[in-house]
Amino acid sequence: MDLTTLAVFIPACFALNMAPGPNNLLSISNASRYGFVRACSGGLGRLLAFAIMIALAAVGLTAVLHTSELLFLGIKLVGAGYLFYLAVQLWRAQPEAGSEAAVASMSRAGLARQEFLVAIGNPKAILLFTAFLPQFVDRTGTVAQQFAVLGGLFLALECIAIGLYCYMGIYARRLFARPSGKRLFNRLCAGLLASAASFLLVARRS
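Small disclaimer: the values here were computed from a predicted structure and weren't measured.

A. Main features of the overall build of the protein. Secondary structure summary: the protein contains ten helices and zero strands in total. If you list the helices and strands of the protein from N to C, you get α-α-α-α-α-α-α-α-α-α. Taking the intrachain contacts of the protein between residues at least 6 apart in sequence as the baseline, contacts between residues at least 24 apart amount to 87%.

This is the structure we're talking about:
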């Protein structure tokens, strides 16, 4: 691909990766509760969901979301409902007495499943790929190959974003070391997730 195109795409893409969406908020919360490595491993679920979305965008199937109000509404309700569920669970969570109990309470597969469901349940994320990636595709070239390169770069930058947000979660855990501080942090994250769910509910097709 043209180097000028990539020079524009990479910083714009990384800005999207670093936007404080539901998955990034979830990474902060998970890292503060289960540790850096486990939270980063959970991010694989998000990467899988985004890879599926990129593939759908490449073949044009996401155009259905632009025309089907019912499908868009269904995905939106399921995604928002799951975010509200996570927010309630986090709000009610008791600060763990020790780090071993926190690590043992959720497997890597469980965290990955959380990340996957949050990502795949956000129809605006799906539409993002159909609106953003094609801006950098040269129609005169091999479109599928360009989508593969752009999608691969997006996922690589998403890995960096996952690591940075998980590190924020570790810092937050140190900052809120006492049980009262952990409870406050959990409820702050719960409020942010509930807010993200609310925004998702009022989102419209672009």
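B. Main features of the confidence of the model for the protein. Here the protein averages 79 in pLDDT, while 79% of its residues score no lower than 70. The secondary-structure element of the protein with the lowest mean pLDDT is helix 6 (residues 99–104), recorded at 50, while helix 7 (residues 108–120) shows the highest, at 92. A low-confidence stretch, residues 97–102 (pLDDT under 50), is modelled with three contacts involving residues beyond four sequence positions or located in other chains.

C. Region of the structure containing the side chain of Ser27. One can find Ser27 in helix 2 (residues 22–34). Residue class for Ser27 comes out buried when judged on its relative accessible area of 0%.

D. Inspection of the UniProt feature "transmembrane region" (unreviewed entry) in the protein at higher detail. UniProt tags residues 47–65, 71–88, 116–137, 149–172 and 184–203 as "transmembrane region" (unreviewed entry). Between the C-alpha atoms that bound residues 149–172 there is a distance of 35 Å. The span itself is 100% helix and 0% strand.

E. Representation of the environment of Gly151 within the structure. Assignment of secondary structure puts Gly151 in helix 9 (residues 143–175). On the basis of relative accessibility, which here comes to 5%, the residue Gly151 falls in the buried class. Separated by 98 residues in sequence, Gly151 and Met53 have C-alpha atoms that sit 9.6 Å apart.

F. A look at the side chain of Arg46. Mapped onto the elements, Arg46 comes out in helix 3 (residues 36–59). Side-chain polar atoms of Arg46 contact the side chain of Asn24, separated by 2.8 Å. With near-sequence residues (within four places) excluded, Arg46 lies in contact with Asn23, Asn24, Ser27, Glu115, Phe116, Ala119, Glu158 and Ile162.

G. Helix 7, seen in detail. With 13 residues, helix 7 should cover 18 Å at 1.5 Å per step; its first-to-last C-alpha distance of 18 Å lies within 8% of that length. Those residues of helix 7 that sit buried are Gly110, Leu111, Ala112, Gln114, Glu115, Val118 and Ala119.

H. Main features of the packing of aromatic side chains. Under the definition given, this model contains two aromatic pairs. Between Phe9 and Phe136 the ring centres are 5.0 Å apart and the planes differ by 75 degrees, which places this aromatic pair in the edge-to-face class. Of the two residues, Phe9 is situated in helix 1 (residues 3–18) and Phe136 in the loop between helix 8 (123–132) and helix 9; the sequence distance between them amounts to 127 residues. Summarising the burial analysis for this pair, Phe9 and Phe136 share the class buried.

I. Region of interest: the nonpolar core. Residues Phe9, Phe129 and Leu133 are the most contacted members of the largest nonpolar core, which totals 19 residues. Counting only elements with at least two residues in this core, the list comes to helix 1, helix 3, helix 8 and helix 9. Among the elements that take part in this core, helix 3 stands out by supplying five residues, more than any other. Apart from the residues within four sequence positions on either side, Phe9 is in contact with Phe132, Leu133, Phe136, Leu150 and Leu153. If you look at the next biggest cluster of nonpolar residues, it comprises 13 residues, including Leu25, Leu26, Val118 and Ala197.

The rules behind each value
Residues numbered from 1 in each chain as written. Predicted model: local features only at pLDDT ≥ 70, side-chain atom pairs only at ≥ 80, totals over all residues. Heavy atoms only, no water. Helix = DSSP H or I, 4+ residues; strand = E, 2+ residues; numbered from the N terminus. Contact = heavy atoms within 4.5 Å. pLDDT = per-residue confidence, 0-100. Buried < 20%, exposed > 50% of the residue type's maximum accessible area, 1.4 Å probe, protein only. UniProt positions renumbered as here; feature names shortened; annotations may be inferred. Polar contact = N/O pair within 3.5 Å; in protein donor to acceptor, adjacent residues only side chain to side chain. Expected span 1.5 Å × (residues − 1). Phe/Tyr/Trp six-rings, centres within 6.5 Å; stacked < 30°, edge-to-face > 60°. Core = buried A, V, L, I, M, F, W, Y, C linked by side-chain atoms within 4.5 Å.

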